[in-house]
Amino acid sequence: MMIIEKISSFAGKTFTFWVILFSIIAYMFPANFNWIGGYVVPLLGIVMFGMGLTLSAGDFKEVFRRPKDVAIGVVCHYIIMPGLAFLLAWGLDLPPEVAVGVILVGCCPSGTASNVMVFLARGDVALAVSIASVSTILAPIVTPLLILLLASKWVDINMWSLLVSILQVVIIPLALGFLIKKFFGRQAEASVKVLPLVSTVAIVLIVAGVVAGSQAKLATTGPLIFAVVILHNVLGFLLGFFLSRLFGMNLAKQKAVAMEVGMQNSGLGVAIATANFSPLAAVPSAIFSVWHNISGSILAFIFSRLGDKKEKISNFTINK
């Protein structure tokens, strides 16, 4: 078991490397990875189930302790990233499939890796966990509505299909994981130790499948999508940081909001695009999945050096 735990820990720490490596391989040899396209939804469901195993009622205590801070973070997330996505798609006159893909990733809830980045940045982790959890719970309603509002300029939107996709991929697996942890805590705790390995394998396969399925179009649109994804993510970080400052938040809270705004559950974007649109529409989410881990790590390093060392910053035991 110790060997598996070490492998799992290594996989989690080297996640970005494996995603980039298999993306390149899938691009070069798409025929070997096209089959994965049919398994994107169950693969992401496995990731969300694993996330559910890590959740507890305590993760939501900050919602009741600091409802204003959590509300600011969630509202900023669901306004800044969808708004930026629409403006970029419209302002840069993106092709319809690419525009829809950018908007999809912009309308997704906060990413699961953001909490780790906030911890590394010496930010308010308790606040970050609450923002991520609330944005995920709201996703079945908020995400389809935002996609309907913003993406219908380019394609016809089936609201019911979007809702079902999010329920299947996020809410049901998440709820199952949460319930299993609640009633079978010991077994769930043992399973959590291998989650980094399982999540890494699942997300690597998802991204490789998307790259393989859209390889031909990536050859012509790839650089444009990369540029838009990077701009979207960086602007999200900046606006999240400075808007939270305008609301009077301290530095630790600003770091948390910036990360929660700029990092998306891009795997959900891939699943929605695959189930409802086209492989090319899934590419922005796939690229975002790689990029935001790189940019998030860089920003966490910068953030960790900000502020007075005497300032009391939060960690996993904040306010206890």
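Just so we're clear, the structure is a prediction, and the values are computed from it rather than from any experiment.

Asks: Mind laying out helix H15 (residues 279–304), listing which residues take part and the relevant values?
Replies: Over its 26 residues, H15 runs 38 Å from end to end, which matches the ideal 38 Å to within 8%, given 1.5 Å per residue. A maximum bend of about 25° is found in H15 at Ser289. A large share of H15 lies buried, amounting to 19 of its 26 residues.

Asks: If you had to explain the nonpolar core to someone new, which residues and values would you point to?
Replies: Side chains of a nonpolar character, in soluble globular proteins, are inclined to be buried together. Grouped together as the largest cluster of nonpolar side chains are 92 residues, with contacts concentrated most on Leu44, Ile103, Ile147, Met259 and Leu268. Contacts of Leu44, omitting those with residues within four sequence positions, involve Val169, Ile206, Gly267, Leu268 and Ala271.

Asks: Please provide a residue-by-residue account of the packing of aromatic side chains, values included.
Replies: Using the criterion set out here, one finds four aromatic pairs in the structure. Ring centres of Phe86 and Trp154 lie 5.8 Å apart, and the angle between their planes is 70°; this geometry places the pair in the edge-to-face category. Of the two residues, Phe86 is situated in helix H5 (residues 67–91) and Trp154 in the loop between helix H8 (125–151) and helix H9 (159–183); the sequence distance between them amounts to 68 residues. Here Phe241 and Phe242 contribute two aromatic rings whose centre-to-centre distance is 5.3 Å and whose plane-to-plane angle is 90°, an arrangement assigned as edge-to-face.

Asks: Residues and numbers for a nonpolar patch on the surface, please.
Replies: Together, Ile20, Ile24, Tyr27, Met28 and Phe29 line one region of the surface with nonpolar side chains, adding up to about 460 Å² of accessible area. Summarising the element assignment, Phe29 is placed in the loop between helix H2 (15–28) and helix H3 (40–54).

Asks: An account of unusual backbone geometry is needed here, citing residue identities and associated values.
Replies: Here the phi dihedral of Asp93 falls at roughly 50°; this positive angle occurs in a residue that is not glycine. Note on placement: Asp93 falls in the loop between H5 and helix H6 (96–106). For Asp93, a relative accessible area of 65% corresponds to the exposed category. Positive phi values are uncommon outside glycine, yet Arg122 reaches one of about 60°.

Asks: Explain the environment of Ala26 to me, using residue names and the numbers behind them.
Replies: Structurally, the position occupied by Ala26 is in helix H2. You can call Ala26 buried: its relative accessible area is 0%. For the pair Ala26 and Gln215, spaced 189 residues apart in the sequence, the C-alpha separation amounts to 8.3 Å. For Ala26, the residues in contact, after removing those within four places along its chain, are Phe33, Ala208, Val211 and Ala212.

About the thresholds
Residues numbered from 1 in each chain as written. Predicted model: local features only at pLDDT ≥ 70, side-chain atom pairs only at ≥ 80, totals over all residues. Heavy atoms only, no water. Helix = DSSP H or I, 4+ residues; strand = E, 2+ residues; numbered from the N terminus. Expected span 1.5 Å × (residues − 1). Bend = angle between axes of the 7 residues up to and from the residue. Buried < 20%, exposed > 50% of the residue type's maximum accessible area, 1.4 Å probe, protein only. Core = buried A, V, L, I, M, F, W, Y, C linked by side-chain atoms within 4.5 Å. Contact = heavy atoms within 4.5 Å. Phe/Tyr/Trp six-rings, centres within 6.5 Å; stacked < 30°, edge-to-face > 60°. Patch = residues over 30% accessible without salt bridge, like charges linked within 9 Å, V, L, I, M, F, W, Y side chains within 5 Å. Areas by Shrake-Rupley, 256 points an atom, 1.4 Å probe, with all protein chains shown as cover. Salt bridge = Lys/Arg side-chain N within 4 Å of Asp/Glu carboxyl O.

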